[in-house]
Amino acid sequence: MLELKVLGDHSETEVPQGGCSSGSCGSTDDQLSHLSESVRQRVFNHPCYSEQAHHHFARMHVAVAPACNIQCNYCNRKYDCANESRPGVVSELLTPKQAVKKTMAVAANIPQMTVLGIAGPGDPLANPNKTFSTFRMLTEQAPDIKLCVSTNGLALPDYADELTKHNIDHVTITINCVDPEIGAKIYPWVFWNNKRVRGVEGAKILIDRQQEGLEKLVERDILVKVNSVMLPGINDKHLAEVSRVVKSKGAFLHNVMPLIAEPEHGTYFGLMEQRGPTPKELQELQDECSGDMNMMRHCRQCRADAVGLLGEDRGAEFTMEKIEAMEIDYEAAMVKRKKVHDAINAELAKATTQSQSVNADHAIPAETRPVLMAIASQGGGLVNQHFGHAKEFLVYEASPEGVRFISHRKTDLYCTGGDTCGDGDSLLGGIIKALEGCEAVLCSKIGYEPWETLESAGIMPNGEHAMEKIEDAVWAVYVEMYQNGKLTDNQTQMTA
Ligand SMILES: C[S@@+](CC[C@H](N)C(=O)[O-])C[C@H]1O[C@@H](n2cnc3c(N)ncnc32)[C@H](O)[C@@H]1O
Ligand code: SF4
Ligand code: SF4
């Protein structure tokens, strides 16, 4: 007999306080046991540090840090588009006071919001006054919000102590390499001791400072996430080594993200047509790193002013003009926020109890091949979105060992803005391309036309599990595929 097992990297197994209350608990006692209670308390409701939490809890970024002290070949902060969701893009820069007001307005209106991050659009620690004055005010005025910062690490050793003074126990460092020769291909220069230092010499300074900063944060008991941008042909073969090094120094989580590069972004890599990884290449590298390290696989590569659940952007509801007109009673908001958080935790606890007894009667032989499935979800960890409304799909893998989250796939990326953009057929073609490798798509509803097209492309639509917990639905479909003989026929195997 085989129960549904929800698999995950260690990072995906943290639970709300009070014990095994996350949907990831099914097979994870050993994984939970490696976390101290203090770490668990810091990650269970952080949407970036816990895969489970990201279905339920929201985050926001405030764009107070425009300047940067290095140049990355994939970054151009001059590019702005209200409809585009990628790092470095913002609609309006804020002063610290405006940032505090915005944070409190969002927290009052989106009680699921637990985390405020400063991630640019430049480097927060290259703008220390703005960054720390925002943190200082928030620590005083909104003590229930977790504070995060994301940095390239060049200035980090100088600010490790300052970071510990605020309510900050999560820091992200972007580390793309530990080898200066590779670094020279990613960073044309770093600004160091009042001058630009180029090439290998500049990259070496950056790498040394990143490693020193990482060590200092770990010594101060701050949880460190390392971001790495996967650049095929440049650092893809090197990132497993990066993962080992940062793990050995005490980093908590590794987030290997795909390069985003288009010529119209005006970045060096965009103009040079440097490609990003395919979903399969990214997954293989994440799997390779995960032997040694907790991996984050649900990063949405958010804008520097993103608001809402990961994958949704409610920034347009919170422009400064709208916020100035809002009355905010934060004391009352905190009471409401606590109630909402308690309800989410209770819901997670209930879902876990239910899922542990589901599908207990189905044994799947160990040699059965794994299957990727795409899920349309608008949050809550449920199959609850109409196929036609999904701008992204969550990809899960089912195997005899259980169900695990793999990644998300954005679909609007394939809409190129050309003459046919928005046309049903071309959009559907884009979605089919985005879902390459998936054999089923689970959604709450789907129209007849896309159903037929998906089916002929080898992706089986399924609307029978609406409002079910994703892991349970994926497992049920996997069992069904097995029972129908689809997992033993070579012709139906995943080819991507
Ligand atoms: C915009 S940066 C801001 C924080 C800080 N300056 C840094 O680089 O860590 C946030 C994250 O986005 C990543 N990023 C920026 N541009 C990117 C791109 N074109 N493709 C993939 N990741 C990118 C950075 O590497 C970093 O991890
Ligand atoms: S460090 Fe961050 S903000 Fe600076 S150039 Fe690189 S990605 Fe852009
Ligand atoms: S960019 Fe990734 S790590 Fe940062 S807030 Fe978005 S999902 Fe979280």
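Note: the structure precedes this text.
As the structure is a computational prediction, the values presented were derived from the model and not from experiment.

> Let's hear about the packing of helix 8 (residues 239–248) against helix 10 (residues 279–290): which residues, and what values?
Any two packed helices are characterised by the angle at which their axes cross and by the distance between the axes. Running from amino to carboxyl end, helix 8 crosses helix 10 at an angle of 35°, the nearest separation of the two axes being 9 Å. The handedness of the crossing between helix 8 and helix 10 comes out as right-handed. Residue-level inspection shows Leu239, Ala240 and Ser243 of helix 8 in contact with helix 10, the latter providing Leu285, Glu288 and Cys289. When grouped by side-chain class, the residues that make up the contact of helix 8 with helix 10 number 4 nonpolar, 1 polar and 1 charged.

> An account of the environment of Ile260 is requested, with residue identities and associated values reported.
Of note, Ile260 is situated in the loop between strand 10 (253–258) and helix 9 (268–271). For the pair Ile260 and Gly120, spaced 140 residues apart in sequence, the C-alpha to C-alpha distance is 17 Å.

> Break down the site of ligand 3 for me, citing the residues and quoting the values.
In the vicinity of ligand 3, the contacting residues are Cys48, Arg59, His61, Lys225, Met296, Cys299, Arg300, Gln301, Cys302 and Leu310. Residues of the shell around ligand 3, tallied by class, amount to 5 nonpolar, 2 polar and 3 charged.

> Any chance you could break down the site of ligand 2 for me, citing the residues and the numbers?
In the vicinity of ligand 2, the contacting residues are Cys68, Ile70, Cys72, Tyr74, Cys75, Arg77, Pro121, Gly122 and Asn152. Tallied by class, the residues present in the shell around ligand 2 amount to 6 nonpolar, 2 polar and 1 charged.

> Describe the side chain of Thr114, naming the residues involved and giving the relevant values.
For Thr114, the position within the fold is in strand 4 (residues 113–118). Thr114 gets classed as buried once you look at its relative accessible area, which sits at 2%. With near-sequence residues (within four places) excluded, Thr114 lies in contact with Asn45, Pro47, Phe57, Ala58, Asp144, Ile145, Lys146, Arg337 and His341.

> Any chance you could break down the packing of helix 3 (residues 96–109) against helix 4 (residues 128–141) for me, citing the residues and the numbers?
Where helix 3 contacts helix 4, the axes come no closer than 9 Å and their chain directions differ by 40°. Considering their axes alone, helix 3 and helix 4 lie oblique with respect to each other. At the point where helix 3 passes helix 4, the crossing takes the right-handed sense. Two secondary-structure elements touch here, helix 3 through Pro96, Lys97, Ala99, Val100, Thr103 and Met104 and helix 4 through Lys130, Ser133, Thr134, Met137, Leu138 and Gln141. The residue makeup of the contact of helix 3 with helix 4, split by class, is 6 nonpolar, 4 polar and 2 charged.

Cut-offs used in this document
Residues numbered from 1 in each chain as written. Chains lettered and ligands numbered in written order. Predicted model: local features only at pLDDT ≥ 70, side-chain atom pairs only at ≥ 80, totals over all residues. Heavy atoms only, no water. Axes fitted to C-alpha atoms, helices over the stretch in contact; angles between N-to-C directions. Helix = DSSP H or I, 4+ residues; strand = E, 2+ residues; numbered from the N terminus. Left-handed = near helix turned anticlockwise from the far one by under 90°. Contact = heavy atoms within 4.5 Å. Nonpolar A, V, L, I, M, F, W, Y, C, P; charged D, E, K, R; others polar. Near = heavy atom within 4 Å. Buried < 20%, exposed > 50% of the residue type's maximum accessible area, 1.4 Å probe, protein only. Parallel < 35°, antiparallel > 145°, perpendicular 65-115°, else oblique.

Nothing here speaks to function; it is geometry throughout.
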